[in-house]
Amino acid sequence: MSTTRPETMLGDTAIAVHPLDARYQHLHGCFVQHPIDGRQLPIVCDESVEMEFGTGIIHFSVDQKSVIIKLYNVFSVFRSL
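So, a few notes on the structure that sits alongside this text. (Residues numbered from 1 in each chain as written. Predicted model: local features only at pLDDT ≥ 70, side-chain atom pairs only at ≥ 80, totals over all residues. Heavy atoms only, no water.)

**Brief notes about the overall build of the protein**
Under the convention used in this document: To qualify as a helix, a DSSP run of H or I must reach at least 4 residues; to qualify as a strand, a run of E must reach at least 2; elements of each kind are numbered from the N terminus. A 1.4 Å probe rolled over the protein chains alone gives each residue an accessible area, and that area as a share of the maximum for its type sets the label: buried under 20%, exposed over 50%, partly exposed in between. By the convention used here, residues are in contact when the closest approach between their heavy atoms is within 4.5 Å. Each accessible area is a Shrake-Rupley result for a 1.4 Å probe, and residues are judged covered by the shown protein chains and nothing else.
For the protein, the helix and strand inventory stands at 1 helix and 4 strands. Helices and strands in the protein line up, N terminus first, as β-β-β-β-α. Buried residues in the protein amount to 25% of all 81 residues. A fraction of 70% describes how many contacts in the protein between residues 6 or more apart in sequence connect residues 24 or more apart. Summed over its atoms, the accessible surface of the protein is roughly 5,600 Å², and 62% of this surface lies on carbon and sulfur atoms.

**With respect to the sheet that holds strand 2 (residues 31–33)**
Heads up, the condition is: When DSSP finds two or more bridges between a pair of strands, those strands are recorded as paired. Lines fitted to C-alpha atoms define the axes here, with helix axes fitted over just the stretch in contact, and angles between the N-to-C directions of these axes take values from 0 to 180 degrees.
Ordered by their spatial adjacency, 4 strands build an open sheet running 2-3-1-4, and the pairing between neighbours is mixed. Every interior strand has two partners, whereas the edge strands, strand 2 and strand 4 (57–61), have only one. Each adjacent strand pair in this sheet contributes to an overall mean axis angle of 30°, direction not counted. Here strand 1 (residues 12–17) pairs with strand 3 (residues 40–45) via 3 bridges, running parallel. Residue pairing across strands places Ile15 opposite Ile43, the latter belonging to strand 3.

Here you go:
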């Protein structure tokens, strides 16, 4: 999976692939380990994933604004020390 917004990865809840994408059919129903906090994320199938776009994998995240605000607050604390 690739992303242009790695800061939103903290809010990831699942990884999605297109059900007909042969590259990932062996992963349907599996889990991957989150690279930052070690949570297990399910790999789900979703027909809205564009197989030809990028890696053909998308990540589902909770509200990205809340993740960005959390990161801003954490780094603001470090700046004030």
